[in-house]
Amino acid sequence: AFLADTLSRARFKRCGFNGLLLPVLEDSVIAQRVASRNLSIDQLLAFSAVCGTGLDIIPIPGDVKQEVLAGILLDIAALSQRLDKPLTARILPIPGLKEGEMTDFTFPYFTNSRVFPVAGSGVGNLLSFENSLRIEMNRLNRRKGGS
């Protein structure tokens, strides 16, 4: 956040994108942090809240469930909406790989890292028509005459 703020306050000509990217497979240091299990999807998304651009080049298991992927994308969308800033979602399901396994790219612009774990059952159950979500007005709003 300090670096992003410093860059935004600096007075110099700018062209194109001017922000912090955390592209896992395009940055060898970030890829090493992931490989040593010192960085998670949740942490990268939290960094995006203060200075980043979303989830960028994130390897995930190839057998990820659609509901889990939808949950990650909804988290990004909610954060983007709340912060009023665009966030990326370059998430790569890697066929045949499971969480914790190393990628094996020969693409010269990618470095290799571990496949991120994806947790939870996603939002599938929350948003299905078979279930309902009950929202009640809290007591504070009722006392103040809120709607």
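Before reading further, recall that the structure is shown in the block above.
If you're wondering where the values come from, they're calculated on a predicted model, not measured in any experiment.

Undergrad: Teacher, can you tell me more about helix 3 (residues 41–50) here?
TA: In an α-helix, one turn spans 3.6 residues, which is why side chains three or four residues apart end up on the same side. All of the buried residues along helix 3 are Ile41, Leu44, Leu45 and Ser48. Considered in projection along helix 3, the buried side chains sweep an arc of 100° and stay on one side of the axis. Residues of helix 3 that are exposed and angled more than 90 degrees away from the buried face: Asp42 and Val50.

Undergrad: Please explain the pattern of salt bridges as it appears in this structure.
TA: Here the idea is simple: oppositely charged side chains can pair when their charged atoms come close. One pass over the structure, following the stated rule, counts 3 salt bridges. Of the charged contacts in the structure, one is a salt bridge between Arg90 and Asp56, with a shortest N-O distance of 2.5 Å. Separated by 34 residues along the polypeptide, Arg90 in strand 2 (residues 88–94) and Asp56 in strand 1 (residues 54–61) bring together distant segments of the chain. Residue Arg90 is classed as partly exposed on the basis of its relative accessible area of 38%. Measuring nitrogen to oxygen at the nearest pair gives 2.9 Å for the salt bridge that ties Lys98 to Asp63.

Undergrad: What is the right way to read the pairing of strand 1 from this model?
TA: In terms of burial, strand 1 is a largely internal element, 8 of the 8 residues being buried. Note that strand 1 and strand 2 share 7 bridges and pair parallel. From the neighbouring strand, Asp56 faces strand 2, where its bridge partner is Arg90.

Thresholds applied
Residues numbered from 1 in each chain as written. Predicted model: local features only at pLDDT ≥ 70, side-chain atom pairs only at ≥ 80, totals over all residues. Heavy atoms only, no water. Buried < 20%, exposed > 50% of the residue type's maximum accessible area, 1.4 Å probe, protein only. Helix = DSSP H or I, 4+ residues; strand = E, 2+ residues; numbered from the N terminus. Arc of directions from axis to C-beta. Salt bridge = Lys/Arg side-chain N within 4 Å of Asp/Glu carboxyl O. Pairing = 2+ DSSP bridges.

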